[in-house]
Amino acid sequence: MRTRLMAAIRLASSGEESLARLHSLHDMARHAGFDTLAAISRAHLTDRLLIDRRFAEAAELAARYIAAGEILPRARALILNNLAQALIELGRFAEAHAAARAAITALPSLVAMV
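Residues numbered from 1 in each chain as written. Predicted model: local features only at pLDDT ≥ 70, side-chain atom pairs only at ≥ 80, totals over all residues. Heavy atoms only, no water.

Draft legend 1. Representation of the packing of helix H3 (residues 35-51) against helix H5 (residues 73-89) within the structure. Between H3 and H5, the shortest axis-to-axis distance is 9 Å and the interhelical angle comes to 15°. As summarised for this structure, H3 and H5 are arranged roughly parallel, according to the angle between their axes. Of the two possible hands of crossing, H3 and H5 adopt the one that is left-handed. Contact residues: Ala-39, Arg-42, Ala-43, Thr-46, Asp-47 and Leu-50 in H3; Ala-75, Leu-78, Ile-79, Asn-82, Gln-85 and Ala-86 in H5. Class assignment of the residues belonging to the contact of H3 with H5 gives a composition of 7 nonpolar, 3 polar and 2 charged. (Axes fitted to C-alpha atoms, helices over the stretch in contact; angles between N-to-C directions. Helix = DSSP H or I, 4+ residues; strand = E, 2+ residues; numbered from the N terminus. Parallel < 35°, antiparallel > 145°, perpendicular 65-115°, else oblique. Left-handed = near helix turned anticlockwise from the far one by under 90°. Contact = heavy atoms within 4.5 Å. Nonpolar A, V, L, I, M, F, W, Y, C, P; charged D, E, K, R; others polar.)

As structure tokens, this is what we get:
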């Protein structure tokens, strides 16, 4: 099951159907106890919203995930990075700066991406 979930998460396409599928995969992974796969799904969901230029939704979802206590360092850093990117697109630069700093704190090797 873990392998099928991972493949499905990676192969999710774009658009509204993709978001629904990623949400579904996230829920399945979480309920099955695959916390790492659920975290990957959360990062992919915020990625997908950015790709679809849905910046307000991306910022809101990323902030919600961080507030809920995303603890896996890489997932936390990627979600914070996505939050920073969304906030930049929304013109909320001070908040974006704080999110980018938090991303680098969570995963210092991310500095090349931020």
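Draft legend 2. Spatial organisation of the confidence of the model for the protein chain. Confidence along the protein chain averages 86 in pLDDT terms, with 83% of residues attaining 70 or more. Across the protein chain, helix H4 (residues 55-67) holds the top mean pLDDT of 97, while helix H1 (residues 2-10) sits lowest at 53. (pLDDT = per-residue confidence, 0-100.)

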